[in-house]
Amino acid sequence: MNSYFASLVLALLLTGCTRAPSADMVIFGRIWTGDPQLPWAQAVAITGDSILAVGDSATIATYIGKNTRRMDNGAAMVVPGFMDGHTHFLSGGYQLSSVDLRRTTSPAEFVSTLKAFAAERKPGEWILGGDWDHERWPGAPLPTRDWIDSVTPNNPVFISRLDGHMALANSAALRAAGLTLQTPDIAGGTIVRDPRTHEPTGILKDEAMGPVYAAVPEPSAEQDDAALTRAMAFVASKGVTAAAMVSSPWSELAALDRARKGGRLTIRATIFHPLEQWRAVAESVKARHGFGDDWIRLSGVKGYVDGSLGSGTALFYEPYDDDPRTRGLLTTPEDSLRAWIGASDSAGLQVAVHAIGQRANGLILDIYDSLAKAHGPRDRRFRIEHAQHLRPEDIDRIAATGVIASMQPAHLIDDGEWAQKRIGPDRIKTTYAFRSLIDRKAHLAFGSDWTVAPIDPLVGIYAAVTRRTRDNKNPEGWLPEQKISVEEALRSYTYENAYGVFGEEHRGMIRPGYLADLVLLDQDITRIPPPQIMDVRVKATIVGGKVIYQAEGQ
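Only a predicted model underlies this, so the values are computations on that prediction, with no experimental measurement involved.

Chemist: Before we go on, may I ask you to explain the overall build of the protein in this structure?
Modeler: In terms of regular secondary structure, the protein is built from 19 helices and 21 strands. Taking 554 residues into account, the globule formula puts the C-alpha radius of gyration at 24 Å, and the protein, at 25 Å, falls close to it. If you line up the protein on its principal axes, its C-alpha atoms span 100 × 55 × 50 Å. Classification of the 554 residues of the protein by burial places 56% in the buried group. In the protein, of all internal contacts separated by at least 6 residues, the share reaching a separation of at least 24 is 72%. Surface exposure of the protein reaches about 22,700 Å², of which carbon and sulfur atoms provide 53%. For the protein, the centre of its 59 positive side-chain charges and the centre of its 66 negative side-chain charges are spaced 3 Å apart.

See the structure below:
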């Protein structure tokens, strides 16, 4: 026996006799790994910030040492950390301490809720947030500044519709922004005017909101830090371990950097700054010596083609059924879209663009296709944010070109109540076309659009699997042919979101060597009736091997 062969045999014998290394943490439960090679397991061992081993209970038990933390989830489910593919994260932190008008069900309740909130504010303090939805007020018109001026005499008010594409300003906010009877129309937006006097009613849509936002005082770094802390704590309770932060202000990146430096960062962040700022983003990537890492990634830019269906500004080829005067709004000129996206792609940035209406989606796919051909092949991972209303041929194009459909299933809970009155029974057939996209093997990433919808992946999974609307008028699902399975929805909240930000090689699954981001649920959502998914709660959230949230009593 030569010396090499003898050494090899000895090494193998010693390996077989050596006890498994101790893990820092071992978790038992019904583990959905998201790994096609081992979809289900009974336990997972963690060391440091990474997954050490995955397998059956007996095997993983050998990794338990005297200092190993053990978490036993019984027959309930353990999943990879949920990722949210589309958030307005810092705004979410601010909204947690702002007025909440989402659940108001009448104009009177809308006004009284705002009145009570304003009474507790300091004179001159801006009132923002809101997230109102006039579709909850059947038969009522859009709100106007006349509704709220008398209850907000001391504060400028600018409160958004929940989709963020329409907002209501009181008279003080309009004055601060310089919006008057003489203000000309604003390209890419709408100043809604009184039909008799032509005075602004206070409702502003899309680009017309810009002057008011410009008048809002910039928050301090301390306020941003507090908002980020609130947001991180809240999303941890929902099992969210990573988020794409889109249309992100530079102050958000600064707050994340401060949190990381101070050891307070508990969310993995991917940043998409506004598309028109592509040059500054490219320079920042260079200054930061690359795109970043798994904690903070400055990935690219995010633009807009159109508005939203709820605000009547999503862009279609044909007029709206309930308002034949409009086909929606092109919020960014096509020549600007082409120039900015082309420059961003040349700079190596990832591009994500908001498109909701059929024409908006068709246009951005045309731009993506032409630029990919002009610039040559590379792994660019173009994204469409929302992709809500697609023509059948555009579903095929998304799949064929590898464009990522970044969608928000919880939106359909609201939209399904009224969307057909906007665009009719034919165009509605390929709305939120999850099944069609998955069947064509398209990349489908899920998120919330928080604060537009709740940042709760379980709500999104419920919506994607049941397609039940909030009014309970669709018990078998709204457009039920587009339902998907629980495991398909889980994949869109985990692996597909990792893929969507170039992170699939080390997160999005429970696999040895991957980052130890996991969520413990209090039930197995694959073994309960789908309508009950809304009742499931997060027991614990783990990021990088550290428990960042644990429910009371756990």
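Having put the structure on the table, let's press on.
Chemist: Any chance you could explain the pattern of salt bridges here in plain terms?
Modeler: A side chain of one charge can pair with a side chain of the opposite charge if their charged atoms are brought near each other. For the structure shown, the criterion picks out 39 salt bridges. In this structure, aspartate 345 and arginine 380 form a salt bridge, with 2.9 Å as the shortest nitrogen-oxygen distance. Highlighted residues: aspartate 345 in helix 11 (residues 334-346) and arginine 380 in the loop between helix 12 (358-375) and strand 16 (383-386), separated in sequence by 35 residues. With a relative accessible area of 7%, arginine 380 lands in the buried category. Connected through shared salt-bridge partners, Asp366, Arg391, Glu393, Asp394 and Arg397 make up one network.

Chemist: Mind showing me how you'd approach the side chain of glutamine 388 here?
Modeler: Structurally, glutamine 388 can be placed in the loop between strand 16 and helix 13 (392-401). What makes glutamine 388 buried here is its relative accessible area of 3%. Non-local contacts of glutamine 388, meaning those with residues more than four positions away in its chain, are made with Ala355, Ile356, Asn361, Met407, His411, Asp415, Thr430, Thr431 and Tyr432.

Chemist: Can you help me understand the sheet that holds strand 18 (residues 444-446) in this one?
Modeler: Strands belonging to one sheet form pairs held by backbone hydrogen bonds; the direction of such a pair is parallel or antiparallel. Ordered by their spatial adjacency, eight strands build an open sheet running 5-12-13-14-15-16-17-18, and the pairing between neighbours is parallel. One side of each edge strand has no neighbouring strand; the edge strands of this open sheet are strand 5 (82-87) and strand 18. Each strand of the sheet is rotated relative to its neighbour by a mean of 25 degrees, with strand direction disregarded. Bridge analysis of strand 17 (residues 404-407) against strand 18 gives three bridges, and the strand direction is parallel. Looking across to strand 18, one finds that methionine 407 is bridged to phenylalanine 446. Set on the sheet, helix 10 (residues 278-287) makes contact with strand 13 (268-274) and strand 14 (296-304); between it and strand 14 the angle comes to about 170 degrees.

Chemist: Would you explain the side chain of serine 448 in this entry?
Modeler: With respect to the secondary-structure elements, serine 448 resides in the loop between strand 18 and helix 17 (457-466). Classification of serine 448 as buried rests on a relative accessible area of 3%. Among the polar contacts made by the side chain of serine 448, one reaches the side chain of aspartate 84 at a distance of 2.6 Å. One polar contact links the side chain of serine 448 to the main-chain amide nitrogen of tryptophan 450, over a distance of 3.0 Å. Apart from the residues lying within four places of it in its own chain, the contact partners of serine 448 are Asp84, His86, Thr87, Gln408, His411, Ala453, Pro454 and Ile455.

Chemist: Looking at this structure, I do not really get the packing of helix 17 against helix 18 (residues 486-493). What am I missing?
Modeler: Packed helices, taken two at a time, are described by the angle their axes make and the gap between the axes. Contact pair helix 17 / helix 18: the axes reach a minimum separation of 9 Å and the direction vectors enclose 135 degrees. By the criterion of interaxial angle, the relationship of helix 17 to helix 18 is oblique. Crossing angle aside, the handedness with which helix 17 passes helix 18 is right-handed. In this structure, helix 17 uses Pro457, Gly460, Ile461, Ala464 and Val465 to contact helix 18, whose residues at the interface are Val486, Ala489, Leu490 and Tyr493. Among the residues forming the contact of helix 17 with helix 18, the class breakdown is eight nonpolar, one polar and no charged.

Chemist: What am I meant to see in the sheet that holds strand 20 (residues 538-543) here?
Modeler: Pairing in this open sheet of seven strands is mixed, and the strands run 3-2-1-4-19-20-21 from one edge to the other. Among the strands making up the open sheet, the edge pair consists of strand 3 (50-55) and strand 21 (546-550). Each neighbouring strand pair of the sheet contributes to a mean axis angle of 35 degrees, computed without reference to strand direction. Of the pairings in the sheet, the one linking strand 1 (residues 25-32) to strand 2 (residues 40-47) comprises six bridges and is antiparallel in character. Counterpart to isoleucine 31 in the pairing with strand 2 is alanine 41. Along the sheet face, helix 18 touches strand 1, strand 2 and strand 4 (69-80) and points at about 135 degrees away from the line of strand 1.

Chemist: Sorry if this is basic, but what is going on with the layout of surface pockets here?
Modeler: Gaps between atoms show up when a probe of the same size as a water molecule is rolled over them. Computed from the structure, the second largest pocket encloses a volume of approximately 700 Å³. Taken together, 30 residues make up the lining of the second largest pocket; nearest its centre are Arg102, Arg103, Ala453, Pro454 and Ile455. Only helix 3 (89-95), helix 14 (411-415) and helix 17 provide two or more residues apiece to the lining of the second largest pocket. Taken together, the residues that form the lining of the second largest pocket break down as 13 nonpolar, six polar and eleven charged.

Chemist: Which parts of the structure should I look at to understand empty space enclosed by the protein?
Modeler: Tallying each qualifying case throughout the model produces two cavities of 30 Å³ or more. Here the largest cavity is characterised by a volume of approximately 70 Å³. Around the largest cavity sit Met83, Asp84, Gly85, Ala242, Ala243, Ala244, Arg268, Thr270, Asn497, Val501 and Arg507, which together line it. For the lining of the largest cavity, the secondary structure elements donating two or more residues are strand 5, strand 12 (240-246) and strand 13. Taken together, the residues of the lining of the largest cavity sort by class into five nonpolar, three polar and three charged. Its boundaries defined by the atoms lining it, the second largest cavity holds a volume of some 40 Å³. Taken together, Asp84, Ala410, Gly447, Ser448, Pro454, Ile455, Asp456, Pro457, Val459, Gly460 and Tyr493 make up the lining of the second largest cavity. Considering every element that reaches the lining of the second largest cavity, the biggest residue donor is helix 17, with three residues. Residues of the lining of the second largest cavity, tallied by class, amount to six nonpolar, three polar and two charged.

Cut-off values and rules
Residues numbered from 1 in each chain as written. Predicted model: local features only at pLDDT ≥ 70, side-chain atom pairs only at ≥ 80, totals over all residues. Heavy atoms only, no water. Helix = DSSP H or I, 4+ residues; strand = E, 2+ residues; numbered from the N terminus. Rg over C-alpha atoms; globule rule 2.2 N^0.38 Å. Buried < 20%, exposed > 50% of the residue type's maximum accessible area, 1.4 Å probe, protein only. Contact = heavy atoms within 4.5 Å. Areas by Shrake-Rupley, 256 points an atom, 1.4 Å probe, with all protein chains shown as cover. Lys, Arg positive; Asp, Glu negative; His and termini not counted. Charge placed at Lys NZ, Arg CZ, Asp CG, Glu CD. Salt bridge = Lys/Arg side-chain N within 4 Å of Asp/Glu carboxyl O. Pairing = 2+ DSSP bridges. Axes fitted to C-alpha atoms, helices over the stretch in contact; angles between N-to-C directions. Polar contact = N/O pair within 3.5 Å; in protein donor to acceptor, adjacent residues only side chain to side chain. Parallel < 35°, antiparallel > 145°, perpendicular 65-115°, else oblique. Left-handed = near helix turned anticlockwise from the far one by under 90°. Nonpolar A, V, L, I, M, F, W, Y, C, P; charged D, E, K, R; others polar. 1 Å grid on protein atoms, 1.4 Å probe; cavity = no way out; pocket = protein on both sides within 12 Å on 5 of 7 lines; lining within 4 Å. Points joined across faces, edges and corners; volume = space filled by probe spheres on them.

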